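# A look at the structure
Next come the chains, spelled out residue by residue.
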Amino acid sequence: MDRYVMVMLGGATGSLTRYVVGTAIMNRMGGRFPIGTVFINVTGSFLIGFIMTLLTERLDPHPNWRFLLVVGFLGGYTTFSSFEWETLGLVRDGGRWLGLINAAGSVVLGYIAVWLGAAVAAKR
């Protein structure tokens, strides 16, 4: 039962954070280009790379941390980050071309962010 509560709390917090940050950026920057959404997607990608690397490679946390931070918070903050984590998985498993194809176009910035997050977390 507690994993459902963790997902719910993280999701609510992530969604609120997305709204507040995205709106603040758009109010400040203006224009037609959705720079607030791009910022959310890239930072979410960085965070999933960073957090998943910590949770799976460096720490041995309670499973509820993944439910709270990754499934909940980042799920509410952006679904783009999950897609980028899957792209990183393709590359790590030797599917470099599949990863590059998957990361084409506007996704490239997100891929770079998820890679950077993982690299920062893995640094000792």
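Note: the structure precedes this text.
This is a predicted model, so every value here is computed, not measured. (Residues numbered from 1 in each chain as written. Predicted model: local features only at pLDDT ≥ 70, side-chain atom pairs only at ≥ 80, totals over all residues. Heavy atoms only, no water.)

Let us look at the packing of aromatic side chains. Any pair of aromatic rings gets described here by the distance separating the centres and the angle formed by the planes. Summed over all chains, the structure comprises two aromatic pairs. Ring geometry for F46 and F50: centres 6.0 Å apart, planes at 15°, overall stacked. In this pair, F46 and F50 both sit in helix α2 (residues 35-58), four residues apart, roughly one turn of the helix. For F46, a relative accessible area of 25% corresponds to the partly exposed category. The class of F50 is partly exposed, set by a relative accessible area of 25%. On the numbers, 5.6 Å between centres and 15° between planes, the contact of F73 with Y77 is stacked. Residue F73 and its partner Y77 are both found in helix α3 (residues 64-77); the two are separated by four residues, about one turn of the helix. Taking the relative accessible area as the measure of exposure, F73 reaches 18% and is therefore buried. (Phe/Tyr/Trp six-rings, centres within 6.5 Å; stacked < 30°, edge-to-face > 60°. Helix = DSSP H or I, 4+ residues; strand = E, 2+ residues; numbered from the N terminus. Buried < 20%, exposed > 50% of the residue type's maximum accessible area, 1.4 Å probe, protein only.)

Take the packing of helix α1 (residues 2-29) against α2 next. Between α1 and α2, the shortest axis-to-axis distance is 8 Å and the interhelical angle comes to 140°. In terms of orientation, α1 and α2 fall into the oblique class. By crossing handedness, the relation of α1 to α2 is classed as right-handed. In this structure, α1 contributes R18, V21, G22, I25, M26 and M29 to the contact, and α2 contributes I35, G36, T37, F39, I40 and N41. (Axes fitted to C-alpha atoms, helices over the stretch in contact; angles between N-to-C directions. Parallel < 35°, antiparallel > 145°, perpendicular 65-115°, else oblique. Left-handed = near helix turned anticlockwise from the far one by under 90°. Contact = heavy atoms within 4.5 Å.)

Inspection of the entire model under this criterion finds one salt bridge. Across the pair R92 and E57 runs a salt bridge, and its minimum N-O distance is 3.0 Å. Of this pair, R92 sits in helix α4 (residues 80-92) while E57 sits in helix α2, placing them 35 residues apart in sequence. Take E57: its relative accessible area is 42%, and that puts it in the partly exposed class. (Salt bridge = Lys/Arg side-chain N within 4 Å of Asp/Glu carboxyl O.)

The next point concerns the packing of α2 against helix α6 (residues 107-122). Running from N to C, α2 and α6 point in directions that differ by 35°, and their axes come no closer than 7 Å. Where α2 crosses over α6, the two elements pack in a sense that is right-handed. In contact with V42, S45, F46, I48, G49, F50, T53, L54 and R58 of α2, α6 contributes L109, G110, A113, V114, L116, G117, A118, V120, A121 and A122.

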